[in-house]
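Single-letter residue listing:
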Amino acid sequence: MDQSIINSYNEAQKLYAVHGINVDEVLERLAQIKISLHCWQGDDVKGFLFKDKELSGGIAVTGSYPGRAGTPDELRKDLEQALALIPGKHKVNLHAIYADTDEAVDLDELQPRHFESWVNWAKEQGLGLDFNPTCFSHPKAADGFTLSHADADIRKFWIRHCKASRKIAEHFGRELGQTCVTNFWVPDGYKDTPVDRLAPRTRLKESLDEIFEEEIDPQYNIDAVESKLFGIGSESYVVGSHEFYMGYGLTRGKAICLDAGHFHPTEVISNKLSSILMFSEQLLLHVSRPVRWDSDHVVTMDDELLEIARELVRGDLLSRTNIGLDFFDGSINHIAAWVIGTRNTIKALLRAMLEPVEELKRIELAGDYTSRLALVEEFKSYPFGAVWDYYCASQNTPVREQWLADVKRYEQEVLAVR
Ligand SMILES: C[C@H](O)[C@H](O)[C@@H](O)C(=O)CO
Ligand SMILES: [Mn+2]
């Protein structure tokens, strides 16, 4: 390792030690945290099951940056490239439409064997896998409703798909020896104000109850449910609102998934974590960045990201929180998007771990809010960058922006010739 990185690290260690922070221990803890990289950033949410289907469900990718993955092998290679630039060992989050099969199989017929190449790859790479049923981009979701559809046959199709998804997830968990988190998100909602808000919610509740009828060992799979405020074409009403899934998750023992971009523009998820984990064993995060109308921008080191990380660290909530990413930006290099978003998420956790949490809690309890503000502000310019550089180097990943050269090389050698 470069001597200047070691020297800066040693100096930083001394400064943090004054406040009782053992930086070596922090880095050991940081290395245990897994971030779930969402496969759909790699190909603009197209998937491989239905080649010509347009993205639907009130979500959209803009941009046409060249080189997006067009086959499962390409997507895996791209993920390998991204993961090589991110410190730590992580997970990959698959959607059902990323099945790797030549069979003409519909969503309700999917089986673990359609994901065997993913399982083998994850084993080779030492990765865990997470999973999502894909309740969009399909003719049976064309009118914007799936599990809450008024037509019982359409509902049944989606129920079968979600049940099949849980079996695939269970297989992932069993084969990989790491729990798979299966996230259920449906786009169901109305563009304009509905007359009956209750009936679709009743149907969604009943569909979910049927999907979760079969017990699956939580060692292999845990289920999460994700709410949303609005989507494109469901501006006035979303069946699976936050309140709906709060109630559903808490009464059914399901993890609640909080997507940072699924709330009112000034509403933040950082303020929800301690409340939800007061009553729920597990939580799933979709770390994303809302910009005005939607959630799907690449994660940057903004105030909310840092606040999410602080909440998890200060409340000792990390062991009960599954951290996934959820953004899809087609306007920049797809691999760079993963690298920037994931490195920022890990870096925010590091920054939070490098704060004198116990000292700050003592000061707060004593009512010394002046010292609280003073310390929190001063710690914003403590040398966390030196610790981050050392962490990247010690994990054999590029330091600072050096990763960009690797992405550019890969772009020229691999992406440009696709
Ligand atoms: C593709 C994902 O399932 C999707 O982004 C979902 O998690 C979501 O956030 C929809 O807005
Ligand atoms: Mn999401």
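Residues numbered from 1 in each chain as written. Chains lettered and ligands numbered in written order. Predicted model: local features only at pLDDT ≥ 70, side-chain atom pairs only at ≥ 80, totals over all residues. Heavy atoms only, no water.

Quick look at the overall build of the protein
Here is step 1: Helices and strands together make up the secondary structure of the protein, namely 14 helices and 12 strands.
Here is step 2: Its C-alpha atoms give the protein a radius of gyration of 22 Å, near enough to 22 Å, the size a compact globule of 418 residues would have.
Here is step 3: Principal-axis analysis of the C-alpha atoms places the extent of the protein at approximately 65 × 55 × 40 Å.
Here is step 4: Every one of the 418 residues in the protein was classed for burial, and the buried ones make up 55%. (Helix = DSSP H or I, 4+ residues; strand = E, 2+ residues; numbered from the N terminus. Rg over C-alpha atoms; globule rule 2.2 N^0.38 Å. Buried < 20%, exposed > 50% of the residue type's maximum accessible area, 1.4 Å probe, protein only.)

Describing helix α3 (residues 72-83)
Here is step 1: Over its 12 residues, α3 extends 16 Å from the first C-alpha to the last, a length consistent with the 16 Å expected when each residue adds 1.5 Å.
Here is step 2: Those residues of α3 that sit buried are Pro72, Leu75, Arg76, Asp78, Leu79, Gln81, Ala82 and Leu83.
Here is step 3: Among the structural elements, β1 (35-38), β2 (91-95), α4 (116-125), α10 (334-353) and α14 (403-413) are those in contact with the buried residues of α3. (Expected span 1.5 Å × (residues − 1). Contact = heavy atoms within 4.5 Å.)

Focus on the site of ligand 1
Here is step 1: The environment of ligand 1 is formed by Trp40, Ile59, His95, Phe136, Trp185, Glu226, Lys228, Asp259, His262, His286, Asp326 and Phe328.
Here is step 2: Residue His262 places a side-chain N or O atom 2.9 Å away from an oxygen atom belonging to ligand 1.
Here is step 3: In this structure, an oxygen atom belonging to ligand 1 sits 2.8 Å away from a side-chain N or O atom of Asp326.
Here is step 4: Relative to its free-state accessible area of 310 Å², ligand 1 is covered by the protein chains to the extent of 99%. (Near = heavy atom within 4 Å. Polar contact = N/O pair within 3.5 Å; in protein donor to acceptor, adjacent residues only side chain to side chain. Areas by Shrake-Rupley, 256 points an atom, 1.4 Å probe, with all protein chains shown as cover.)

Let's talk about the confidence of the model for the protein
Here is step 1: Mean pLDDT over the protein stands at 97; residues scoring 70 or higher make up 100%.
Here is step 2: Across the whole predicted complex the pTM is 0.97, and at the interface the ipTM reaches 0.99. (pLDDT = per-residue confidence, 0-100.)

Topic: the coordination of the manganese ion (ligand 2)
Here is step 1: Around the manganese ion (ligand 2), the donor atoms from the protein are Glu226 (OE), Asp259 (OD), His286 (ND1) and Asp326 (OD), and they sit 2.1 to 2.2 Å away.
Here is step 2: Considering all six donor atoms around the manganese ion (ligand 2), the spread of angles at the metal, 71 to 169°, places the coordination shape in the octahedral class.
Here is step 3: Between the donor residues of the manganese ion (ligand 2), the gaps in sequence give the motif E-x32-D-x26-H-x39-D. Placement of Glu226 in strand β6 (residues 221-226) and of Asp259 in strand β8 (residues 255-259) is noted, with a sequence separation of 33 residues between them. Residue Glu226 shares its accessibility class with Asp259, and that shared class is buried. (Donors = N, O, S within 2.8 Å, 3.2 Å for Na, K, Ca; no water. Tetrahedral: all angles 85-135°; square planar, octahedral: opposite > 155°, others 65-115°.)

Some details on the pairing of strand β4 (residues 180-184)
Here is step 1: Of all five residues making up β4, five are buried, and the element is well covered by its neighbours.
Here is step 2: Of the two faces of β4, both are covered, the one formed by Cys180, Thr182 and Phe184 as well as the one formed by Val181 and Asn183.
Here is step 3: Direction of pairing for β4 relative to β6: parallel, over a ladder of five bridges. Paired with Val181 across the two strands is Ile222, which belongs to β6. (Pairing = 2+ DSSP bridges.)

Some remarks on the nonpolar core
Here is step 1: Within the largest apolar cluster, 126 residues are counted, with the highest numbers of intra-cluster contacts made by Tyr16 and Leu94.
Here is step 2: With 11 residues, α10 is the single largest residue contributor to this core.
Here is step 3: Among all residues touching Leu94, those that are not within four sequence positions of it are Cys39, Trp40, Phe115, Trp118, Leu129, Asp130, Phe131, Asn132 and Phe172.
Here is step 4: Membership of the second largest hydrophobic core comes to six residues, among which are Ile222, Ala255, Cys257 and Leu284. (Core = buried A, V, L, I, M, F, W, Y, C linked by side-chain atoms within 4.5 Å.)

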